[in-house]
Amino acid sequence: MSNPYQLSHLDELEAESMFVLREVAAQFERPAILFSGGKDSIVVTHLAAKAFAPARIPMPLVHIDTGHNFPETIEFRDTLADRLGVQLIVGSVQDTIDGGRVREESGAQASRNRLQIATLLETIENGKYDACIGGARRDEEKARAKERFFSHRDDFGQWDPKNQRPELWNLFNGKHMPGENFRVFPLNNWTELDIWNYITREKIDLPSLYYAHERMCVIRDGVILAHSEYLPQREGETPQNMRIRFRTLGDLTITGAIESDADTLEKITAEVAATRVTERGGRVDDKRSETSMEDRKKEGYF
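1. Let's talk about the packing of helix H2 (residues 39–51) against helix H6 (residues 192–202)
Next up, step 1: H6 packs onto H2 with a crossing angle of 50° between their chain directions and a minimal axis gap of 11 Å. On the basis of the axis angle, H2 is oblique to H6. Crossing hand, H2 versus H6: left-handed. Along its contact with H2, which presents Lys39, Asp40, Val43, His46, Leu47 and Lys50, the element H6 presents Glu192, Ile195, Trp196, Tyr198, Ile199 and Glu202.
Next up, step 2: Here the residues of the contact of H2 with H6 are counted per class, giving six nonpolar, one polar and five charged.

Encoded structure:
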């Protein structure tokens, strides 16, 4: 006879993440949720809404806008923040460029992905946020596999993977000196398949980009990229109409798509269960070098 009080796998993951979120609220004075508009940050926001119900989420959503985001992402972001009644803070990479604090990249490989590090650190400093909650998971990428739940950053916003605090028996040490902060990852133990199963169970709304749709694309170095005014064209590239969807969302110029007919949550979940390629396998920013993600994180990246 089954135990009616036994938690399912998703129940355990949900409880762990909500515990982490409540620990953040208890230990830090000015926490924030780093909101990208992607499925993982949406799940974190959903978990925060459940963790602090019936009150509103007691921290703002912080979005770093590269200026090259998908329009669908920005529309979804604004609608969600309005529906939840949560403060939305937007850091603009364009403002950082205009202020002369970073220089726009040029050439066929140009993107604003690395430039957003400066904007993120400025936004954290201006808001005096001592804990920034993100949706990263350990299964995404080898650098992220090194992360603790509470990831300490020094007063320059930098990450040292060899100088992190032990986390035993769900005890988290959030003590920090003035100017230091933490990045917190409540989804550390989730997999991509867990995320999709949870989205299905909770009936969580997502941007339409995650579902199969028709879009003009270019294929560059084996990666399908959305055709847009922000993507510098290479000689010989011809945009073509393709039926695609995105497994991860980021800057338009570096977010790879996959060909897919999965236009429902059930089809997406089945597709994810069958794939053997990581969701970040199509991210151009991760292909610049073997250590590109870790290098960016050491500089202050999400």
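Structure shown, so let's carry the discussion forward.
2. Here we look at H6
Next up, step 1: Within the span of H6, buried status applies to Glu192, Asp194, Ile195, Trp196, Tyr198, Ile199 and Glu202.
Next up, step 2: Of the surrounding elements, those touching the buried residues of H6 are helix H1 (9–27), H2, strand E9 (240–245) and helix H7 (265–274).
Next up, step 3: Positive backbone phi, at 55°, marks lysine 203, one or two positions downstream of H6.

3. A closer look at the sheet that holds strand E7 (residues 213–220)
Next up, step 1: Reading around the circumference, E7-E8-E10-E9 is the order of the four strands in this closed barrel, with antiparallel pairing throughout. The sheet shows a mean angle of 70° between the axes of neighbouring strands, taken without regard to direction.
Next up, step 2: Both E7 and E9 contribute to a ladder of five bridges, which runs antiparallel. Paired with arginine 215 across the strands is methionine 242, a residue of E9.

4. What to know about the packing of aromatic side chains
Next up, step 1: Taken as a whole and judged by the stated rule, the model has nine aromatic pairs.
Next up, step 2: Between phenylalanine 150 and phenylalanine 172, the ring centres sit 5.0 Å apart and the planes meet at 20°, which makes this aromatic pair stacked. Highlighted residues: phenylalanine 150 in strand E5 (residues 150–153) and phenylalanine 172 in the loop between E5 and strand E6 (181–184), separated in sequence by 22 residues.
Next up, step 3: Owing to a relative accessible area of 3%, phenylalanine 150 belongs among the buried residues under this scheme.
Next up, step 4: Among the aromatic residues, those joined into a cluster by ring pairs are Phe19, Phe28, Phe149, Phe150, Phe172 and Phe182.
Next up, step 5: Sitting over the ring of phenylalanine 149, arginine 138 keeps its end group 5.3 Å from the ring centre.

Cut-offs applied
- Residues numbered from 1 in each chain as written.
- Predicted model: local features only at pLDDT ≥ 70, side-chain atom pairs only at ≥ 80, totals over all residues.
- Heavy atoms only, no water.
- Axes fitted to C-alpha atoms, helices over the stretch in contact; angles between N-to-C directions.
- Helix = DSSP H or I, 4+ residues; strand = E, 2+ residues; numbered from the N terminus.
- Parallel < 35°, antiparallel > 145°, perpendicular 65-115°, else oblique.
- Left-handed = near helix turned anticlockwise from the far one by under 90°.
- Contact = heavy atoms within 4.5 Å.
- Nonpolar A, V, L, I, M, F, W, Y, C, P; charged D, E, K, R; others polar.
- Buried < 20%, exposed > 50% of the residue type's maximum accessible area, 1.4 Å probe, protein only.
- Pairing = 2+ DSSP bridges.
- Phe/Tyr/Trp six-rings, centres within 6.5 Å; stacked < 30°, edge-to-face > 60°.
- Lys NZ or Arg CZ within 6 Å of the ring centre and 35° of its normal.

By themselves, these figures tell us nothing about what the structure is for.
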